Amino acid sequence: QNSKHKGVWPLIFHGSFVLAPSFGEVIIKKDQLIILDELTGDISEIAEGGKLSEVLKQRGWKRSCVLHLKEGQLLVPGLIDTHCHAPQYQFTGTGTHIIELMQWLQHYTFPAERRLKDIEVARKVYTALINRLLSNGTTTALYFATIHEESCKLFADLAEDLGQRALIGKVAMDQHGGEDYEETTEVALASTESFVKYVLEKKCSRVLPVVTPRFIPTCSDACLKGLGEIAKKYDVHIQSHISESQDEMAFVDSLHPGKSDTEIYDKFGLLTAKTVMAHGCHLKRHERDVLRARGAAVSHCPHSNLFFGDANLNAKQCVFEKLKLGLGTDVAGGYSYSMFHSIRSAVTTGRNVRIDFLRGVKDDPAACDVPVDTEPLDYKEAFWIATQGGAEALDLQHRIGR
Ligand code: GUN
Ligand code: FE
């Protein structure tokens, strides 16, 4: 801590940084000063390294305000995880013996999430995860929590205290959660509203509430309708899963014959400019058109898609269609909490677009109209999705991403 400037230290970073200002463009700037605002800690200015003495003199700051990066150190914009199930951190890297998503949810996921009813379990899991993500460069995350209101409130407190920008959703599910892991419709709606109010009234500097129907099969129409109304009333973010896998879509079809996830979410006002839908591997072009028209984003979770082996999203096609696109870990469907790992997976799976399931085609060529010879996703493009793309997906591009 600098004695004169309590709160913010350092006030200047001196070194090299890298950023992706547009899709496919990565620039490295060497010998730069990143100057912060004394009060807020926001970046106020960027200047050439040679101007250091001048800047210090101008502002009356001491040399101790500067943090000089070491040789080989590089600053990157904070990485943005646009899809992470915080309670599932408990079993990352395990739960690998089941292939189908729906079975995996019943067998591993719901029992693990149920444990967070206990506030002390929640404290342990959420503290560990937030610290893990921060130490891996994830400064912003869009989280699914669990159905438990009190531990969700604790999660918001922890994120604020530990210094991560977090968008947190109390999960709503009033059906098909199995024993002990679903709520009545009334409780799902009342606890969602109570959580949203709690976070908004707390006036956090970095934490926002998110209306979170888990996915179509676990939410009745009444629940989806009520959630759409809460999101509108408080003008808050919305997140869920969309067209992720064939077994999920078959489940939806059995409950809503002939209807797609997109039609159902849209009917209940759940596709807005503050919506992020995870996966979208099987979205048809006309469905992606609906998402784009509403300003809704997709979170690309390549590692999870590879894990379940059902279908992968064609990320490049989405960007070409001007769909908002972020990158996500999908912990614990994705067994790595690191966004660097997601970037690698995006590149690797994106390079293999000739393999049908990696193109999002499996058994349904109509699902994907991307030519087989589409150029693969480049590392620069993946880095953009993990930073600026995520910022746009969260509608926070005015604050983060660059
Ligand atoms: N669909 C509904 N819930 C989940 C979940 O927890 N993980 C994944 N990958 N898909 C889901
Ligand atoms: Fe997920």
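Caption draft 1: Representation of the coordination of the iron ion (ligand 2). Note on the iron ion (ligand 2): its protein donors are His83 (NE2), His85 (NE2), His241 (NE2) and Asp330 (OD). The metal-donor distances range over 2.1 to 2.4 Å. Donor residues binding the iron ion (ligand 2) come from one chain and are separated in sequence as H-x1-H-x155-H-x88-D. One end of the pair, His85, is in strand β6 (residues 79-85); the other, Asp330, is in the loop between β13 (324-327) and α12 (339-351), and 245 residues separate them in sequence. Judged by relative accessible area, His85 falls into the buried class, the value being 3%. Using a relative accessible area of 3% as the deciding quantity, one classes Asp330 as buried.

Caption draft 2: Representation of the domain arrangement of the chain within the structure. Taken domain by domain, the chain consists of domain 1 (12-75) and domain 2 (79-393). Computed from C-alpha coordinates alone, the two centres of domain 1 and domain 2 are separated by 34 Å. Contacts between the two partners involve eight residues from domain 1, matched on the other side by nine residues from domain 2. For the pair domain 1 and domain 2, the summed buried area comes to about 720 Å², and 82% of that belongs to carbon and sulfur atoms. Three residues, Ala20, Phe23 and Val26, lead the burial of domain 1 against domain 2; their summed loss comes to 74% of the area buried on that side.

Caption draft 3: A look at the site of ligand 1. In the vicinity of ligand 1, the residues found are His85, Gln88, Leu101, Trp104, Leu105, Thr109, Arg214, Phe215, His241, Glu244, His279 and Asp330. At 2.9 Å from an oxygen atom of ligand 1 is found a side-chain nitrogen or oxygen belonging to Gln88. Within the contact set of ligand 1, a nitrogen atom lies 2.9 Å away from a side-chain nitrogen or oxygen of Asp330. Isolated, ligand 1 exposes 280 Å² of accessible area, and the fraction of that covered by the protein chains is 100%.

Caption draft 4: Examining the packing of aromatic side chains more closely. Scanning the entire structure with this criterion turns up nine aromatic pairs. Taken together, a centroid distance of 3.9 Å and an interplanar angle of 10 degrees make the contact between Tyr126 and Phe155 stacked. Note that Tyr126 is positioned in helix α3 (residues 119-135) and Phe155 in helix α4 (residues 149-162), a separation of 29 residues in sequence. You'll find Tyr126 and Phe155 in the same group, each marked buried. Put simply, the rings of Phe91, Trp104, Tyr108, Phe307 and Phe308 pair up and form one aromatic cluster.

Caption draft 5: Structural view of the packing of α12 against helix α13 (residues 379-393). Packing of α12 against α13 brings their axes to within 9 Å, and their N-to-C directions diverge by 135 degrees. Compared by their axis directions, α12 and α13 come out oblique. When you trace α12 past α13, the crossing you get is right-handed. Across the interface between the two elements, Met339, Ile343, Ala346 and Val347 of α12 pack against Tyr379, Ala382, Phe383 and Ala386 of α13. Taken together, the residues of the contact of α12 with α13 sort by class into eight nonpolar, no polar and no charged.

About the thresholds
- Residues numbered from 1 in each chain as written.
- Chains lettered and ligands numbered in written order.
- Predicted model: local features only at pLDDT ≥ 70, side-chain atom pairs only at ≥ 80, totals over all residues.
- Heavy atoms only, no water.
- Donors = N, O, S within 2.8 Å, 3.2 Å for Na, K, Ca; no water.
- Helix = DSSP H or I, 4+ residues; strand = E, 2+ residues; numbered from the N terminus.
- Buried < 20%, exposed > 50% of the residue type's maximum accessible area, 1.4 Å probe, protein only.
- Domains from an automatic or database assignment.
- Contact = heavy atoms within 4.5 Å.
- Buried area = accessible area lost by both parts, 1.4 Å probe.
- Near = heavy atom within 4 Å.
- Polar contact = N/O pair within 3.5 Å; in protein donor to acceptor, adjacent residues only side chain to side chain.
- Areas by Shrake-Rupley, 256 points an atom, 1.4 Å probe, with all protein chains shown as cover.
- Phe/Tyr/Trp six-rings, centres within 6.5 Å; stacked < 30°, edge-to-face > 60°.
- Axes fitted to C-alpha atoms, helices over the stretch in contact; angles between N-to-C directions.
- Parallel < 35°, antiparallel > 145°, perpendicular 65-115°, else oblique.
- Left-handed = near helix turned anticlockwise from the far one by under 90°.
- Nonpolar A, V, L, I, M, F, W, Y, C, P; charged D, E, K, R; others polar.

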